[in-house]
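# Examining the three-dimensional arrangement
Chain residues, written in single-letter form:
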Amino acid sequence: MDGIVIKAYGGFYFVGCGGDLWQCSLRGVFRHRKLEVMVGDRVAVKPLDRNKGVVDQVYPRRNSLVRPPVANVDRVVIVFSVRDPEPSLGLLDRFLVHAEAAGVQPVTCFNKSDLAGEQIPDFIKIYRDAGYTVISTSTRSNTGVSDLKTLLNQGITVFAGPSGVGKSSLLNAIQPGLRLKTGEIGEKLKRGRHTTRHVELLALDGGGLVADTPGFSSLFVPEVKREELYFYFPEMEKYVPDCRFKGCLHHSEPDCAVKEAVARNEIDSGRYGRYLEILNEITGRERSY
Ligand code: GDP
Ligand code: ZN
């Protein structure tokens, strides 16, 4: 019998199999080999008793996140608000690199569209043109919420984004009663107490699972090599073969097709500037090794 690990608690793994939750222990061999089983793992369960069993096998993982610790994540919904607070595009770009470097599809969601006024904010177009999936939502006017719901109706989703942008409100709008664990204050307390963070997958009525803990809130630059950074800026990719130098970092090299595309406004100069910032940070880190 196959299922997905929904939560881990008190030494047990709770596995969702066809609508039922099975309380499972691990086969001794996993403990012996120190094989970690994560929330989100697809596992085979050997039933023992009524809704009790043993995790017999863990199927290979497609990907896994560290914060929150969830495996086989299908998408990260990166939420920012159009205003209050203003979106930090520097942080958004780092989230995008993080998600794609972890092998997870990012979906960018600009919430609080009710505060944007008549005009569609520039950044929505910039990120769509760059090739990303972008949705615009408001939990106040209930705009875009059904689009978001459709996006989440299969697989595993993690929400990410700074506090105050409406992550919890969005989840609650999709399914009343569902809220994310609160960020900032709780986090500090938890870190101070060194308690393990328990992540749990919440089942949506319309299908799909959502992690109850929001994702990577840190600003650190992902573990990406500097010559690979452009992989994570999808709008650059098509120009790179025309750069004069193989291994061009699109920084100060002559005859760089990426820089020429920026000069022609085919690549957004803000995005390019943030590419350079992240590149510098990676270069600094590589030097300090
Ligand atoms: P989180 O920290 O990202 O989970 O954000 P919350 O869901 O707690 O929301 C933060 C604040 O933004 C709350 O006061 C919400 O009422 C408000 N809020 C959430 N969504 C919207 C929206 O679409 N429009 C407006 N104007 N306010 C919103
Ligand atoms: Zn170049």
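Further up the page is the structure itself.
In every chain, residue numbers begin from 1 and rise along the written sequence. As they are written, the chains are lettered A onward and the ligands numbered 1 onward, keeping that order. Local features in a predicted model are, by the rule used here, given only for residues with pLDDT of at least 70; side-chain atom pairs are given and counted only at 80 or more, and totals for whole chains, interfaces and linings are based on all residues. Computation of side-chain values: all heavy atoms of the structure, hydrogens and water removed.

### Here's the deal with the packing of helix H4 (residues 145-152) against helix H5 (residues 167-174)
To obtain an axis, a line is fitted to C-alpha atoms, over the contacting stretch when the element is a helix, and the angle between two such axes runs from 0 to 180 degrees between their N-to-C directions. Only DSSP runs of H or I with at least four residues qualify as helices, and only runs of E with at least two residues qualify as strands; both kinds are numbered from the N terminus onward. In the contact formed by H4 and H5, the axes pass within 10 Å of each other and the chain directions differ by 80°. The angle between H4 and H5 falls in the class roughly perpendicular. Counted together, Val145, Leu148, Lys149 and Leu152 of H4 and Leu170, Ala173 and Ile174 of H5 form the full contact between these two elements. Here the nonpolar group is Ala, Val, Leu, Ile, Met, Phe, Trp, Tyr, Cys and Pro; Asp, Glu, Lys and Arg are the charged ones; every other residue, Gly included, is treated as polar. Residues of the contact of H4 with H5, tallied by class, amount to six nonpolar, no polar and one charged. Angles are sorted into four bins: roughly parallel if under 35 degrees, roughly antiparallel if over 145, roughly perpendicular if 65 to 115, and oblique for all others. Whether two residues are in contact is decided by their heavy atoms: any pair within 4.5 Å suffices.

### Things to note about the sheet that holds strand E5 (residues 52-58)
The strands making up a sheet are joined through hydrogen bonds of the backbone, oriented either antiparallel or parallel. Strands are labelled as partners when DSSP assigns at least two bridges between them. Sheet architecture is closed into a barrel: five strands sit in the order E1-E2-E3-E5-E4, paired in mixed fashion. Between one strand and the next, the sheet's axes are offset by a mean angle of 50°, whatever the strand orientation. For strand E4 (residues 42-49) and E5, the ladder comprises six bridges, and the chain directions are antiparallel. If you follow Asp49 over to E5, its bridge partner there is Lys52.

### So, the coordination of the zinc ion (ligand 2)
Only nitrogen, oxygen and sulfur atoms count as donors, using a 2.8 Å cut-off from the metal that widens to 3.2 Å for Na, K and Ca. Water is left out, so coordination shells may look unfilled. Coordination sphere of the zinc ion (ligand 2), protein contribution only: Cys243 (SG), Cys248 (SG), His250 (ND1) and Cys256 (SG), at 2.1 to 2.4 Å. Bound by four donor atoms, the zinc ion (ligand 2) shows angles of 102 to 116° at the metal and therefore tetrahedral coordination geometry. Here the donor residues for the zinc ion (ligand 2) map to a single chain with the spacing C-x4-C-x1-H-x5-C. Looking at His250, the relative accessible area reads 0%, which means it is buried. Here a site with four donors is tetrahedral if all angles are between 85 and 135 degrees, and a site with four or six donors is square planar or octahedral if opposite donors are over 155 degrees apart and the other angles are between 65 and 115; anything else gets the irregular label. The buried label applies to any residue whose accessible area, calculated with a 1.4 Å probe on protein chains only, is under 20% of its type's maximum; exposed applies above 50%, and partly exposed to all values in between.

### Things to note about the side chain of Thr108
Relative to the helices and strands, Thr108 is located in strand E7 (residues 105-111). Classification of Thr108 as buried rests on a relative accessible area of 0%. The residues touching Thr108, leaving out its near neighbours within four places in the chain, are Ile78, Leu92, Leu96, Thr133, Val134 and Ile135.

### Some words on the sheet that holds strand E11 (residues 209-211)
Taken together, the six strands give an open sheet; going across it, the order is E8-E7-E6-E9-E11-E10, and neighbouring strands pair in mixed fashion. Only two strands of the sheet have a single neighbouring strand rather than two, namely strand E8 (133-136) and strand E10 (201-203). Looking at each pair of strands side by side, their axes are set apart by 30° on average, direction ignored. As defined by bridge partners, E10 adjoins E11 across three bridges and the pair is classed as antiparallel. Along E11, the bridge assignment pairs Leu202 with Val210. Against the sheet, H4 contacts strand E6 (75-81), E7, E8, strand E9 (156-160) and E11, and its axis sits at roughly 160° relative to E6. In the packing of H5 onto the sheet, the strands contacted are E6, E7, E9, E10 and E11, and the crossing angle to E9 comes to about 145°.

### Digging into the site of ligand 1
Note on terminology: near, applied to a residue and a molecule or strand, indicates that one of the residue's heavy atoms is within 4 Å of it. Lining the immediate environment of ligand 1, one finds 15 residues, of which Asp114, Thr139, Gly164, Lys167 and Ser169 sit closest. In the analysis that follows, any N or O atom pair within 3.5 Å is treated as a polar contact, provided that within protein one partner can donate a hydrogen and the other can accept it, and provided that, for residues neighboring in sequence, both atoms belong to side chains. Interatomic distance of 2.7 Å between a backbone N/O atom of Thr139 and an oxygen atom of ligand 1. Surface burial for ligand 1 is 72%, taken as the share of its 580 Å² of free accessible area covered by protein chains. The biggest single contributor to the shell around ligand 1 is H5, with three residues. In the shell around ligand 1, the residues fall into three nonpolar, eight polar and four charged. Here the accessible surface of atoms and residues is derived via Shrake-Rupley with a 1.4 Å probe, and residues count as covered only by protein chains that are part of the display.

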